[in-house]
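Observations on the three-dimensional arrangement
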Amino acid sequence: MTSDSIAAGQIGAHGADTWSAVAVLGDETRRRLLEFVRLARRPVTREEASAALGITRKLAAFHLDKLVAAGLLQARHGGHGPRRVGRAPKVYEPAARTVTLSLPARRHELLASLLAQAATAQRPQESARDASVRIARARGEALGAAAGDTDLTGFLFSFGFEPAEEAPGRTVLHNCPFHPVAAQAPQLVCAINHAFLCGYLAASRERETVAVLAPRPGACCVELRTGAAAAAPEQEPATAAAEQESADSEPPGTGAVCRRDTSV
């Protein structure tokens, strides 16, 4: 991996736009305006917003436009209120954008998407776990193939893994973006996470790096190894039968690395 990282990696998994949106909502008047516009279920004029909050039209316009700049509202001319300078009044309505912020970073929407796809694409005679692992690997491969010039460190930061090189050729992922679900179902979620990262590595330019299951408290269950650190004999992930015999709280078998067979 290179030492450089993309912008998303430098500021965390959420990106500058999310942090800007959160900063805008630090003002109580803007929070009240956003709530009013969202609950109105129709385009709202500046006059309506100012009357609802008991503030001046000029102040309402200022805060509404701040919300638009942050991507939380959208504005257009086309309302049915009183016209100003011969054109339809400016109206505001909720933007389609969803803003989510968690510290440390969590990617529960990714996990939910993988599980939903697996539930609808499960093959005959295929277990739910195997379908989830297959889908996770395919999603990772798709992202790896589209990575272009994105370096591995930037990718990992953008998904909230918080990578750090702990020893030559050994990168530890200090954050689990799927916690606390991973703690509730480690056999399933850790296998999904491992397959996702294996798929990305297989399809990207990082072909000499392998993802290894190495669970440790307070960190991701996977670590990345290159060079001599990746030369350990390959082991297959735990089989479904073995998993049934183990306690639900136990993580997958330590030492499992990416399978060489990349079929999905």
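Definitions and cut-offs
- Residues numbered from 1 in each chain as written.
- Predicted model: local features only at pLDDT ≥ 70, side-chain atom pairs only at ≥ 80, totals over all residues.
- Heavy atoms only, no water.
- Patch = residues over 30% accessible without salt bridge, like charges linked within 9 Å, V, L, I, M, F, W, Y side chains within 5 Å.
- Areas by Shrake-Rupley, 256 points an atom, 1.4 Å probe, with all protein chains shown as cover.
- Salt bridge = Lys/Arg side-chain N within 4 Å of Asp/Glu carboxyl O.
- Helix = DSSP H or I, 4+ residues; strand = E, 2+ residues; numbered from the N terminus.
- Buried < 20%, exposed > 50% of the residue type's maximum accessible area, 1.4 Å probe, protein only.
- pLDDT = per-residue confidence, 0-100.
- Contact = heavy atoms within 4.5 Å.
- Pairing = 2+ DSSP bridges.
- Core = buried A, V, L, I, M, F, W, Y, C linked by side-chain atoms within 4.5 Å.
- Phe/Tyr/Trp six-rings, centres within 6.5 Å; stacked < 30°, edge-to-face > 60°.
- Polar contact = N/O pair within 3.5 Å; in protein donor to acceptor, adjacent residues only side chain to side chain.

Moving on, we get to a nonpolar patch on the surface. On the surface, Trp19, Val22, Val99, Leu101 and Leu103 cluster together into a nonpolar patch covering about 400 Å² of accessible area. Of note, Leu101 is situated in the loop between strand E3 (90-94) and helix H6 (108-120). On the basis of relative accessible area, Leu101 is assigned to the partly exposed category, the value being 31%.

Low pLDDT means the predicted atomic positions in that stretch should not be read closely. Taken residue by residue, the protein chain gives an average pLDDT of 81. The fraction at 70 or more is 77%. With pLDDT under 50 throughout, residues 1-14 is counted as low confidence; its partners more than four residues away or in other chains account for 35 contacts. Counting contacts from residues 259-264, a segment whose pLDDT is below 50, to residues more than four positions away or on other chains yields 14 contacts.

Mapped onto the secondary structure, Ser132 falls in helix H7 (residues 128-145). Those residues in contact with Ser132 that lie beyond four places of it in its chain are Leu115, Ala118, Leu188 and Ile192.

A few words on the pairing of strand E7 (residues 222-226). Two elements, strand E5 (residues 170-173) and E7, share three bridges in a ladder whose sense is antiparallel. Residue pairing in the sheet places Val172 in a bridge with Glu223 of E7. Where strand E6 (residues 209-213) and E7 come together, five bridges link them in antiparallel fashion. Across the sheet, Val212 pairs through a bridge with Glu223, a residue of E7.

So, about the nonpolar core. Phe155, Leu156, Leu197 and Val222 are the most contacted members of the largest nonpolar core, which totals 32 residues. Secondary-structure elements contributing two or more residues to this core are H6, H7, helix H8 (152-158), helix H10 (186-203), E6 and E7. Residue contributions to this core peak at nine residues, all from H10. Ala21, Leu33, Val37 and Tyr92 belong to the second largest nonpolar core, which has 14 residues in total.

With that settled, the discussion passes to the sheet that holds strand E2 (residues 73-77). Taken together, the three strands give an open sheet; going across it, the order is E1-E3-E2, and neighbouring strands pair in antiparallel fashion. Among the strands making up the open sheet, the edge pair consists of strand E1 (44-45) and E2. The sheet contact formed by E1 and E3 spans two bridges and is antiparallel. Bridge pairing in E3 places Val44 opposite Tyr92.

All right, on to the packing of aromatic side chains then. Inspection of the entire model under this criterion finds four aromatic pairs. Their ring planes at 45 degrees and their centres at 4.9 Å tell us that Phe155 and Phe159 sit as a pair that is tilted. In this structure Phe159 comes out as buried when scored by relative accessible area, which is 12%.

Here we come to the environment of Arg225. Within the secondary structure, Arg225 sits in strand E7. Linking Arg225 and Glu165, residues 60 residues apart in sequence, is a C-alpha distance of 9.6 Å. Reaching out from Arg225, the side chain makes a polar contact with the side chain of Glu223 at a distance of 2.7 Å.

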